[in-house]
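Reading the structure
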Amino acid sequence: MIKPAYPIIASILGFSLLCAPSHSNPSPYSVECHIPSEQQTNNLRIYQIMVESFVDGDPKANYDNGYGTSHHRGDLQGIIDSLDYIQSLNVNAIWLTPIFTSLPIDGQSQWDDKLDATGYFTSNYFQIDPKFGTLEQAKTLVDEAHRRGLYIFFDGVFGHHKTNIIPSPKGRLPQGNSNPVDYPASLPFYQEVASYWIEQLKIDGWRLDQAYQVPTQDWIELRKTVLQASKNVEYINQHGESVHPLGYMVAEIWNNENFISEHGYGSNENPALCSAFDFPMRYRLVETFAVNENGNGGKGGDWLAQGMDLQTLYPNHARPNLMLGNHDLVRFGDLLQRGYIAQPKDESYWQRHLAAFSFMTAYTGPITLYYGDEIADEVSNFSDKVPSDICAAQGWCDDHVSRSSAKIDGVTTALNDKQRKLKHQVSELMQLRAQNPILSQGERVSVLANHDVYIDHKRYQNQSMVFMVSTSDKPQTLHLAAQQIGSTGQLVDMLTKEKFTINDKNYDITLTPFEAKFLSIKQPGKLVTAKPALQLTGNGFMAQCNNPSLQESGPIDKPLYVVGDFSDSGWQHVANRQFEYKGRGVYQVVVDEQAGSYRMQYASKDWNPQFTAAELEVQSGQTSNLKYGGYGKDTAALLPISGKYVWSLQFSKAGSPEKLMLSKCP
């Protein structure tokens, strides 16, 4: 994660997230995040493969069924056949979705048949599913990947399984229910799984499905097992050197920064997992350059900067892993079409893809590319939501539509000119990242962030640079003061080698729509990042935290609650978040909030009525317009510091929504 060497202040918000530093000693049961090292972890450029939908390389290994729009005949041989293509992307790791045997249960439904093809409900954790291939093919894949300098990560489903589970070679079984299982009683079984494949095939670690299902204390023990197993075996890498498997583990926890810390990373005193996918930043990325799955977008560089600054909420050992998509999300190309932003025939479609990949290239921490995104793949004729009663049968539900057949140049298809160009550009970006550790390792300071541009200063060891990306569909010329970017001499574009010289203490740099630049600072100078203070407390009746509650009824006839992804409630209606009527059409509730970024609506227990901010965003100390809400129309709110906040809703006498305010109490 980002560990600032000097204070980071949000570009437009003017705050530093206040998190109390820890000076406690680590728990005697903890294990530090030194293996793999921070440098090794941050340097990861992972290529994710959904095995059943990727490439059909073996006619004997097929599911012929599954969720999504693919052929459903993907297998291990298809991945082996695609290794040249994957290597050409200049990634250095591959993550496979689960490849262990899922045995059908007598009388199971067609939906369970489809689920078996995903591998996410396994019966035998110690056998390669014959519908994906053989143990020999799995060994060939791992060995060939290692020979090419590619790590291999398997998918660890350590919190749930099918009901017809097969005992381990040592006779162990997980305990309790099948979803989720019980811990710590199930720990010995999953420790055996975690070490078995490292010892048998020398895999380099695990992606951890629904990691919140496993308590953090048990993740500590599982991580010890992975590290010990990795220490016990060696393989020959691309340089002819004998090395240990990497031992990387990355958690899937689909929530905000506080939840990911609580259920994955653990604390500074007691580290649990060391890396987790950066879902909060992924959503900001698509909301800036496209829209999210609910069609919400239109954000700018300030939205990106706010998300990056929120990483200070993670504990010190955290190494977030950023992705643009995965097998459970809608492809970026389809999101561009859903938002009526761009079609594949439009230049903007390709520009926005490249901008998103450029942002990932400059991200401090590991990154993951989902197969097909490197060629801006999309599911033809899919953009709007398909009705839920038919989308599963069609393979067009949001949570699986991206599981489309892989388009691998020279293996399954010949790319068109635009696809080939983007693929080449992505390869260049990954090579740039590999050759310049400042991109993956550097400490960042936000230089400028507004609706039209995002700019960071980064430094690592004796190097300094500036990364900038346009978030606008119009050309712009930036006038940057030398002290603003910490430079006193030439800037050199790390890709094109173009030089920018200082002119009267300023740099003039032109960006085309959605263009990114990676500029090396040849003569570093003083960096000045002074920002205005942020006013978190509003004015007027709606900002007051001590208004008395009235016995009279207000214009809304049902109790309303602040309902969102808060740690104390998790989208549940809880008593301490219930509004009370204060008069003047105003309802208020005062809550002790934890610093962070949250999404919410204001709703009765039956979600009728429900309300949200008109712009789907509220800032503390400011009044926003209130409107009726609905599915996917959540309000985003940033709470820069912990403390008491008052939530206020104002309605007309007839009960129509009017105003919303969030204000910090004095």
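To start, this report covers the structure provided alongside it. Everything quoted here is computed from the prediction, not taken from an experiment.

So, the overall build of the chain
Looking only at helices and strands, the chain has 16 helices and 29 strands in total. On C-alpha atoms alone, the chain measures out to a radius of gyration of 25 Å, which is about the 26 Å that the 2.2 N^0.38 rule sets for 666 residues. Along the longest, intermediate and shortest principal axes, the C-alpha atoms of the chain span 70 × 65 × 55 Å. The buried share among the 666 residues of the chain stands at 59%. Considering only contacts within the chain whose residues lie at least 6 apart along the sequence, 73% involve residues at least 24 apart.

Structural notes on the state of the cysteines
According to the stated counting rule, one finds 3 disulfides in the structure shown. Shown here is the disulfide that connects Cys-33 with Cys-274, its sulfur atoms set 2.0 Å apart. Here Cys-33 and Cys-274 share a disulfide; its torsion about the S-S bond, -85°, makes the bridge left-handed. Separated by 241 residues along the polypeptide, Cys-33 in the segment before α1 (38–42) and Cys-274 in the loop between α8 (257–265) and α9 (279–289) bring together distant segments of the chain. There is no split in this pair, since Cys-33 and Cys-274 are both buried. In this model Cys-545 forms its disulfide with Cys-665; the gap between the sulfur atoms is 2.0 Å. Looking down the S-S bond of the Cys-545 and Cys-665 bridge, the torsion is -100°, so its handedness is left-handed.

Examining the pairing of strand β15 (residues 476–481)
Of the two faces of β15, the one holding Gln-476, Leu-478 and Leu-480 is buried and the one holding Thr-477, His-479 and Ala-481 is not buried anywhere. Looking at chain direction, β15 and strand β18 (residues 506–511) are connected through 6 bridges and run antiparallel. Counted as the bridge partner of Thr-477 is Thr-510 from β18.

Side note on empty space enclosed by the protein
Overall, the coordinates contain 4 cavities of 30 Å³ or more when judged by the stated rule. The calculated volume of the second largest cavity comes to roughly 80 Å³. Its residues placed into classes, the lining of the second largest cavity shows 6 nonpolar, 4 polar and 2 charged.

Details of the sheet that holds strand β13 (residues 453–460)
One open sheet holds the 6 strands; their spatial order is β12-β13-β14-β19-β16-β17, and the pairing between them is antiparallel. Of all the strands in the sheet, the pair left with one neighbour each is β12 (443–449) and β17 (499–500).

Overview of the sheet that holds strand β1 (residues 45–49)
One open sheet holds the 7 strands; their spatial order is β9-β6-β5-β2-β1-β11-β10, and the pairing between them is parallel. The two strands at the open ends of the sheet, each matched to only one other strand, are β9 (248–251) and β10 (322–323). As defined by bridge partners, strand β6 (residues 205–208) adjoins β9 across 4 bridges and the pair is classed as parallel. Bridging across to β9, Arg-207 finds its partner in Val-250. Its contacts with the sheet put helix α14 (residues 417–435) on β1 and β11 (367–370), and the angle it makes with β11 is roughly 165°.

Quick notes on the nonpolar core
Counting 136 residues, the largest nonpolar core has Tyr-47, Leu-96, Phe-154, Phe-158 and Trp-206 as its most contacted members. Per element, the largest residue contribution to this core is 8 residues, and it comes from helix α6 (residues 187–201). Counting residues in each nonpolar core, the second largest holds 25 residues, with Phe-566, Val-589, Met-600 and Phe-651 among its members.

Some words on the packing of α9 against helix α10 (residues 301–309)
The geometry of α9 relative to α10 is characterised by a closest axis approach of 9 Å and an angle of 175° between their N-to-C directions. Taken together, the axis directions place α9 and α10 in an arrangement best described as roughly antiparallel. Where α9 approaches α10, its residues Met-281, Arg-284, Leu-285, Glu-287, Thr-288 and Phe-289 are matched on the opposing element by Trp-303, Leu-304, Gln-306, Gly-307 and Met-308. In terms of residue class, the contact of α9 with α10 is built from 6 nonpolar, 3 polar and 2 charged.

Calculation criteria
By convention here, each chain's residues receive numbers from 1 onward along its written sequence. Local features in this predicted model are restricted to residues whose pLDDT is 70 or higher, and side-chain atom pairs enter the listing and the counts only when it is 80 or higher, whereas totals over whole chains, interfaces and linings include all residues. The side-chain figures draw on all heavy atoms in the structure; neither hydrogens nor water molecules are used. Only runs of H or I of at least four residues qualify as helices and only runs of E of at least two qualify as strands under DSSP, and these elements are numbered from the N terminus. Throughout, radius of gyration means the C-alpha value; the globule benchmark is 2.2 Å times the number of residues raised to the power 0.38. When accessible area is computed with a 1.4 Å probe and restricted to protein chains, residues below 20% of their type maximum are described as buried, those above 50% as exposed, and intermediate ones as partly exposed. Whether two residues touch is decided by their heavy atoms; if any such pair falls within 4.5 Å, the residues are in contact. In plain terms, two cysteine sulfur atoms within 2.5 Å form what is called a disulfide here. Strands were regarded as paired on the criterion that DSSP finds at least two bridges between them. Buriedness of a pocket was judged along seven lines, with at least five required to meet protein on both sides within 12 Å; pockets are open sets of points on a 1 Å grid over the protein atoms alone, cavities are sets where a 1.4 Å probe fits but cannot get out, and lining residues have an atom within 4 Å of a point. Grid points are joined across faces, edges and corners, and a volume is the space filled by probe spheres set on the points. Ten residues, namely Ala, Val, Leu, Ile, Met, Phe, Trp, Tyr, Cys and Pro, are considered nonpolar, four, namely Asp, Glu, Lys and Arg, are considered charged, and the remaining ones, Gly among them, are considered polar. All axes here are fitted lines through C-alpha atoms, helices being fitted over the stretch that makes contact, and every angle between N-to-C directions spans 0 to 180 degrees. What we call a nonpolar core is a set of buried Ala, Val, Leu, Ile, Met, Phe, Trp, Tyr and Cys residues that are connected through their side-chain atoms within 4.5 Å. In these notes the angle categories are as follows: under 35 degrees is roughly parallel, over 145 is roughly antiparallel, 65 to 115 is roughly perpendicular, and the rest is oblique.

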